[in-house]
Amino acid sequence: MNLKLQWYWHRLKAMSLEEIVARAELTVKKKSWRGCQSWLAPKSNILGKDTWVLPPLPQSAVREREGILEEADRYLQGKYTLLNISFEEPEIDWHRDPQTGKRAPQTFGPDLNYRDSTVTGNVKNIWEKNRHHHLTVLSLAYALTEDKRYAETVEAQLLSWVEQNPFPIGVNWTSSLEFGVRLISWVWIDRLLRGSPSHTHLFGEKGVLWDTVYWHQWLISQHYSHGSSANNHLIGEMAGLSIAAQVWPFFPESSQWQVLSRKILEREISLQTFSTGLNREQAFSYHIFSLEFFLLAGIEAQRLGTPFSANYQQWVQRMLEVIPLVVDVGGNLLQYGDGDDGMALLLRPLDSSRLDWLFRLGRQCFKAQVPLPKDDEGILAATLIWDNPEQEAIEYKLPQNSVKFDDAGIYVLTNQRGSRSEIFCVADAGPLGFLSIAAHGHADALSFTLSVAGVPVIVDPGTYIYHADMEWRKYFRSTKAHNTVTVDNCDQSVAGGIFIWVEQARSNLIHWEEKPEGAVLVAEHDGYTRLAGRVVHQRKLELKNKRLEIGDRLEGNGVHSLEWRLHFSPLCRVDLRSDICQVTWDGGRLEIHLDSQMQWVLARGEKEAGWYSSGFNLKESIYTLVGTLDTKLPVSLTNSLDISHES
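Each value, and the rule that gives it
- Residues numbered from 1 in each chain as written.
- Predicted model: local features only at pLDDT ≥ 70, side-chain atom pairs only at ≥ 80, totals over all residues.
- Heavy atoms only, no water.
- Pairing = 2+ DSSP bridges.
- Helix = DSSP H or I, 4+ residues; strand = E, 2+ residues; numbered from the N terminus.
- Axes fitted to C-alpha atoms, helices over the stretch in contact; angles between N-to-C directions.
- Expected span 1.5 Å × (residues − 1).
- Buried < 20%, exposed > 50% of the residue type's maximum accessible area, 1.4 Å probe, protein only.
- Arc of directions from axis to C-beta.
- Salt bridge = Lys/Arg side-chain N within 4 Å of Asp/Glu carboxyl O.
- Phe/Tyr/Trp six-rings, centres within 6.5 Å; stacked < 30°, edge-to-face > 60°.
- Lys NZ or Arg CZ within 6 Å of the ring centre and 35° of its normal.

(A) Fine view of the sheet that holds strand S5 (residues 423-428). Pairing is antiparallel across the open sheet formed by five strands, whose spatial order is S3-S4-S5-S6-S7. Edge positions in the open sheet fall to strand S3 (403-405) and strand S7 (455-458), since each of these has one partner strand only. Along the sheet, successive strands turn relative to each other by an average axial angle of 20°, direction set aside. Pairing analysis gives three bridges linking strand S6 (residues 448-452) to S7, with the strands arranged antiparallel. From the neighbouring strand, Ser 451 faces S7, where its bridge partner is Pro 456.

(B) Representation of helix H2 (residues 17-34) within the structure. Taking 1.5 Å as the rise per residue, H2 with 18 residues should run 26 Å; its terminal C-alpha atoms sit 26 Å apart, in good agreement. Within H2 the residues assigned to the buried category are Glu 19, Leu 26, Lys 30 and Trp 33. For H2, the buried positions fall inside an angular range of 60° around the axis, keeping them on one side. Set apart from the buried face of H2 by more than 90 degrees, the exposed residues are Leu 17, Glu 25, Thr 27, Val 28 and Lys 31.

(C) Looking closely at the pairing of strand S11 (residues 507-515). Bridge analysis of S11 against strand S12 (residues 518-525) gives eight bridges, and the strand direction is antiparallel. Bridge pairing links Trp 512 to Leu 521 in S12. Linking S11 back to S12 in an antiparallel pair, the connection comprises two residues.

(D) Region of the structure containing the sheet that holds strand S8 (residues 485-487). What the four strands build is an open sheet, ordered S8-S15-S22-S19; its pairing is antiparallel. The open sheet terminates on both sides in strands that have one partner only, identified here as S8 and strand S19 (599-604). Neighbouring strand axes in the sheet, compared pairwise and without regard to direction, differ in orientation by 25° on average. Bridge count between S19 and strand S22 (residues 623-632): six bridges; the pairing is antiparallel. Looking at S22, one finds that Gln 599 is bridged to Thr 628.

(E) Representation of the environment of Asp 211 within the structure. Mapping Asp 211 onto the fold places it in helix H10 (residues 210-222). Overall, the relative accessible area of 45% leaves Asp 211 in the partly exposed class. Sequence-wise, Asp 211 and Asp 375 are 164 residues apart; in three dimensions their C-alpha atoms are separated by 43 Å.

(F) Quick look at the pattern of salt bridges. In this structure the tally under the stated criterion is 32 salt bridges. For Glu 89, the salt bridge is made with Lys 129, and the minimal N-O distance between the two is 3.1 Å. In this pair, Glu 89 is assigned in the loop between strand S2 (85-88) and helix H4 (117-120) and Lys 129 in helix H5 (residues 123-130), connecting sequence segments 40 residues apart. Here Glu 89 falls in the buried class, since its relative accessible area comes to 4%. Among the residues examined, Lys 129 registers a relative accessible area of 1% and is labelled buried. A salt bridge links Glu 563 to Arg 565, with the nearest nitrogen and oxygen atoms 2.9 Å apart. Note on accessibility: Glu 563 and Arg 565 belong to one class, buried. It is possible to trace a salt-bridge network through shared partners that takes in Asp 50, Asp 190, Arg 191, Arg 194, Glu 300 and Arg 303.

(G) Examining the packing of aromatic side chains more closely. Tallied over the entire structure, the rule returns 38 aromatic pairs. A centroid spacing of 4.9 Å and a plane angle of 55° characterise the contact between Tyr 114 and Trp 127, whose relative ring orientation is tilted. With Tyr 114 in the loop between S2 and H4 and Trp 127 in helix H5, this residue pair connects regions lying 13 residues apart in the sequence. Judged by relative accessible area, which is 18%, Tyr 114 ranks as buried. For Trp 127, a relative accessible area of 6% corresponds to the buried category. When the ring of Tyr 411 is compared with that of Trp 512, the centres are 5.2 Å apart and the planes differ by 45°; the resulting orientation is tilted. Note that Tyr 411 is positioned in strand S4 (residues 410-415) and Trp 512 in strand S11, a separation of 101 residues in sequence. Like Tyr 411, the residue Trp 512 is buried in the burial classification. Linked through ring pairs, Trp 33, Trp 39, Trp 161, Phe 167, Trp 173, Phe 179, Trp 186, Tyr 214, Trp 215, Trp 218, Phe 251 and Trp 257 together constitute an aromatic cluster. Taking the ring centre of Tyr 150 as reference, the NZ or CZ of Arg 149 above it sits at 5.4 Å.

Below, the structure written as structure tokens:
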């Protein structure tokens, strides 16, 4: 079976009968769309007024203002940095991947195979450009300065977008998630450009954007994610539809779209979130991404006096309140599972905190008990979105102990939490991912990360890339790329495509105990029971003051090849001598006492070891400690880390 047919077979097996029927119906729809010779949007009825008004902007947001204007000035020069790729496009090409130079074809969008990099290049780069986050920054620069250059650039680019993207032709009509994100950007461009001639041309009664605004909403309503694909994509699609249909209720179907999107968002917020507040995709980047959509949709409903249910608001509150529990003293976000740097909206400098504006809005709108950001960080975006200062002070106290999230299988082992000497270890003993395909999970059962005094030391590898390079995609989600044990050179779970796991390892908690000086976690997974000898990996992590003990027990029969790995932050210098590994960074040190049963080497920048991705499209070499052993099972391995830090 060739790879393409194999992918279709695996994808089909992951679907329910109901989903198969729905996809068949969509195929029939697409056929009728493909045969349509002309598309005429219904006449929009531009009545009523969006209740948002530009609030007095805080004078304290000096750094944020400067950052926005600096970015906007680069955009005026045609200089962009999107998904960590810097490029120049004096005349923007909405179909060109700036990384590969590949231009996606102008064919029927819903049928275009964007997964094939020979067709589209790195499609994520094209889509990021077309999410129009840079245009919300330019629009905000106009609102801050009333400098017409910013508004005119937005107008010119949106006019070129409409011209280059006739409905439904091209790569920008393939993904409903992209429609949802783009609609949210356009809502804020509409708001921020008010008072300018450009606003009249784009969003006035005869504005040129209304037809394409209609088709975005119509196509979401016809072609939203469902079944095994109903993950963060569905949330983004419905949030975009909900916000647009509420702010612009100008079309015959607007009320239907409001009802549909609200119903699905109300349902999905509990379906896609564990009771402890973490997102079920087992990818923390998508926790933030999904939260942004839920929060923004909820705030727009509040603004119009038709708030979502109390249950919905409580889930948003829960998603907010879990974040500080899993963030170290240095403010480093968790990195497990996939991450593509996706944002629902950009009204802040690109390099600013992803959390500060969310925390401010969470405190104001959802009574979330989260820290108040320092130094007015995030205040510009929060003021624009909801100009309603906090009515009462919400006191926040960070828990001092280790914490567990049993449903998500995430365990935080800490010592001296919140101090300048904090030791912060996060272990994964949870599900692989969400729904039958677990699309954004990694084969990382019983892996862990470690930061010391807010400095990442032992790291998760990140994601790097999705569609554009299959070998790198395979590596970064593999077991070898994580801080755990690989058996017989196999991943714990079996992939059937870049977003499909056809056999999924299951983890099981055996013991958890919080202690004043740290915590103890014992868990196991069954991912290797498919191998001869039915291998089970059990791991014990015990943090006691400044020592982390790692005990691994491999149960089963027969002789097997074991590989034990630790991946170190790019900040670390690593030296291996006999059975001692010395790890140093500015202000700290690890001494790792290694099990003498294994053969130990350091790898850096090799084919299947020694790589780290700090963001999408980014990849750099790091040190990876690798221990190997061919042995008859069962066997026990013990490695320990002594941690020191200059406080």
